[in-house]
Amino acid sequence: MQSSSMSSPSLSSLTQAMRPKTLIVRRPLHSLHTKRTNTLNNWNRRHFSDSSAEALTKETVKEKTTGETDFALFTQVGRIIYAFGLVYFISEYGFELTICEGPSMLPTIRPLGEIVLLDRFTPRWYGLQGGSNGKQRETFARKRQREHEQRIREEGKIDGRFPWHETRVPANQLSSTGVKDRFVNQVTSGISVGDVIVVKHPDRVGTVCKRVLGLPGDIVTKPTQRTQKEGILDRSMPENLVVPDGHLWIEGDNPWNSSDSRNYGPIPASLIVGRVLVRLWPLRGKAMMERGARPVQDDDPKFSFSGSAVFPAGYDNQIILGGQQHKEQ
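Since the model is a prediction, treat every value here as computed from it, not as a measurement.

Rules used in this analysis
- Residues numbered from 1 in each chain as written.
- Predicted model: local features only at pLDDT ≥ 70, side-chain atom pairs only at ≥ 80, totals over all residues.
- Heavy atoms only, no water.
- Helix = DSSP H or I, 4+ residues; strand = E, 2+ residues; numbered from the N terminus.
- Buried < 20%, exposed > 50% of the residue type's maximum accessible area, 1.4 Å probe, protein only.
- Contact = heavy atoms within 4.5 Å.
- Areas by Shrake-Rupley, 256 points an atom, 1.4 Å probe, with all protein chains shown as cover.
- Pairing = 2+ DSSP bridges.
- Phe/Tyr/Trp six-rings, centres within 6.5 Å; stacked < 30°, edge-to-face > 60°.
- Patch = residues over 30% accessible without salt bridge, like charges linked within 9 Å, V, L, I, M, F, W, Y side chains within 5 Å.
- Salt bridge = Lys/Arg side-chain N within 4 Å of Asp/Glu carboxyl O.
- Core = buried A, V, L, I, M, F, W, Y, C linked by side-chain atoms within 4.5 Å.

Student: Describe the overall build of the protein, naming the residues involved and giving the relevant values.
Tutor: Assigned secondary structure in the protein consists of 8 helices and 10 strands. Counting only residues that meet the buried cut, the protein has 32% of its 329 residues in that class. At a minimum sequence separation of 6, the contacts of the protein that also span at least 24 residues come to 66%. Within the structure as shown, the protein displays about 21900 Å² of accessible surface, and the carbon and sulfur contribution to it stands at 57%.

Structure (structure tokens):
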């Protein structure tokens, strides 16, 4: 009888039997490619989205900064243009600082030059006192003269001839009282006899500063020849001239050394630049350039010479008061 024997398993086979089985799943190649592509796309999307956002932010900031810079530059340029425009408007249509120089306006303005304030608005607004037409001014003056004579009759101050309703007080003899009222009257009326004005020279480029002595319709008696004898100016062979419509007769306060209407005749009112109101520099004497007749100096005969004699439109042999006569009234 044959005996059968069983062989016992080895240690290595038991170890292999006890190991866990690893399931290996092999995916198709196209599936792996799709996953890698999706992963790469997600990375690119995150990376380029961040970069695009950052680039967009930088571009926005740049545009904003550029816009702010352009706006600031535009604002500065606008302010400069506005400032120049404002200065031009004020100096052209309002007030202007100018220098008057030369010997023709002694003693009112010294030859070395003085800085004055020029009013350019009121002459344009009011024009000439009484109008620019001789007949119109004559009618206006006679109306005022009748009213003036009526007041004198009511007050009982008739003494011979009636005085003219406008006085011709020299500018350096005006009273120190009532300066404010005279100033208000000056800047609320047109160009009148006695105003110091700046006009464009009729024969050359430039301006001159003179005093108004005649307006349209006024009669000017001017000398045709002048001779000097012992410091006194003789006036001979007077010639009468009527100031035409729309014109003025101007002369300097120093008739011995002044080129004015006695040389080039009446000037058109359109040449008026402005009316001198105040002397700003130097600080001397009266600062106000008040309306008045040519100043006189008793201690200097040549300044006492009145130049041309001017009779106002509508004048009919009335007494024209001035200086001491005005004070007595």
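Now that the structure has been shown, the text picks up again.
Student: How would you explain the sheet that holds strand E3 (residues 196-200) if you had to name every residue and give the values?
Tutor: On the basis of which strands lie adjacent, the open sheet formed by 7 strands has the order E1-E2-E9-E3-E4-E7-E8 and antiparallel pairing. Strands with a single pairing partner mark the edges of an open sheet, and in this sheet they are strand E1 (95-100) and strand E8 (267-268).

Student: Requested: an account of the packing of aromatic side chains, with residues and values cited.
Tutor: Throughout the structure, instances matching the rule amount to 3 aromatic pairs. Centre to centre, the rings of Phe311 and Tyr315 are 5.5 Å apart; their planes meet at 35°, and the pair counts as tilted. Given a relative accessible area of 30%, Phe311 falls into the partly exposed group. The class for Tyr315 is partly exposed, based on a relative accessible area of 26%. Within the aromatic cluster, the residues linked to one another by ring pairs are Trp164, Phe311 and Tyr315.

Student: Which residues make up unusual backbone geometry, and what are the values?
Tutor: For the bond running from Leu106 to Pro107, omega is 0°, close enough to zero to count as cis. Mapped onto the elements of the fold, Pro107 is located in the loop between E1 and strand E2 (114-119). In this structure, the amide linkage connecting Trp281 to the following residue, Pro282, adopts the cis form with an omega of 5°. If you trace the backbone, Pro282 turns up in the loop between strand E9 (272-281) and helix H7 (301-304). The backbone of Asn317 sits at a positive phi, close to 65°, despite the residue not being glycine. In this structure, Asn317 sits in the loop between strand E10 (309-311) and helix H8 (324-328).

Student: Any chance you could break down a nonpolar patch on the surface for me, citing the residues and the numbers?
Tutor: A cluster of nonpolar side chains, namely Tyr82, Leu86, Tyr88, Phe89, Ile90 and Tyr93, defines an oily patch on the protein surface of about 670 Å² accessible area. Relative to the assigned elements, Phe89 resides in helix H2 (residues 29-93). With relative accessibility at 51%, the residue Phe89 sits in the exposed group.

Student: I'd like a description of the nonpolar core, backed by residues and values.
Tutor: Ranked by size, the top nonpolar core spans 14 residues in total, and within it Ile197, Leu248 and Ile250 carry the most contacts. Among the secondary structure elements, those contributing two or more residues to this core are E3, strand E4 (207-214) and strand E7 (247-251). Ile109, Cys209, Val273 and Met289 belong to the second-largest nonpolar core, a separate cluster that totals 11 residues.

Student: Requested: an account of the pairing of E7, with residues and values cited.
Tutor: Counting buried positions along E7 yields 4 of 5 residues, so the element is predominantly enclosed. Inspection of the sheet shows E4 paired to E7 by 3 bridges, in the antiparallel sense. Looking at the pairing, Val212 lines up with Ile250 of E7.

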